[in-house]
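Report on the structure
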Amino acid sequence: MNLVYKCPHCNASINAKRNIILAAESVHNKSKKGLVLLHEEIGNYTVAMSSSLTIDNGEEVNFFCPVCNESLNNMQGDNLASFTRIDEAGEESTIVISRIYGERCTFQVDDKKQVKSYGESVQKYLNPEWFLRQE
Ligand SMILES: [Zn+2]
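What comes next is a walk through the structure. For clarity, every value in this text was computed on a predicted model and none was experimentally measured. (Residues numbered from 1 in each chain as written. Predicted model: local features only at pLDDT ≥ 70, side-chain atom pairs only at ≥ 80, totals over all residues. Heavy atoms only, no water.)

1. Section: the coordination of the zinc ion
- Donor atoms from the polypeptide that bind the zinc ion are Cys-7 (SG), Cys-10 (SG), Cys-65 (SG) and Cys-68 (SG), placed at 2.3 Å.
- For the zinc ion, the 4 donor atoms in the first shell make angles of 100 to 114° at the metal, a pattern classed as tetrahedral.
- One chain supplies every donor to the zinc ion, and in sequence these donors are spaced C-x2-C-x54-C-x2-C. Separated by 58 residues along the polypeptide, Cys-7 in the loop between β1 (4–6) and β2 (15–16) and Cys-65 in the loop between β6 (61–64) and β7 (80–86) bring together distant segments of the chain. Grouping residues by exposure puts Cys-7 and Cys-65 together as buried. (Donors = N, O, S within 2.8 Å, 3.2 Å for Na, K, Ca; no water. Tetrahedral: all angles 85-135°; square planar, octahedral: opposite > 155°, others 65-115°. Helix = DSSP H or I, 4+ residues; strand = E, 2+ residues; numbered from the N terminus. Buried < 20%, exposed > 50% of the residue type's maximum accessible area, 1.4 Å probe, protein only.)

2. Regarding the pairing of strand β9 (residues 106–110)
- In terms of burial, β9 is a largely internal element, 4 of the 5 residues being buried.
- Strand direction decides the pairing type here: strand β8 (residues 92–98) and β9, joined by 5 bridges, are antiparallel. In the strand pairing of β9, Ser-93 is matched with Asp-110.
- Here β9 runs beside strand β10 (residues 115–118); their pairing, made up of 4 bridges, is antiparallel. (Pairing = 2+ DSSP bridges.)

Structure representation (structure tokens):
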């Protein structure tokens, strides 16, 4: 089984060639929009963006599914977005990332609500309790 990242809304797979593909726009300048490629390995913060999306460090973006265009922003917890991950063993988890460009912070929440965190900006969101309360 391959590693699959999915949109929680339409269930389409949103990764290809080791990248997670998201549609994005700048919160403060909606004319800045395009595709963002995130490395599918958790904790690898290699990012590529399409040329119509020029985002500076510290700039906030809205993330959307590239297939159905639904928002991937989290309702609770500012500046975060999430999508679904299904690993090679079929284990499903939710990946939560920062929407601030340059902020290295990733949470992985499994089906038992266990949270693992990655990245040096993670202290800013020490306990993502808002996320655990969601369901
Ligand atoms: Zn979708």
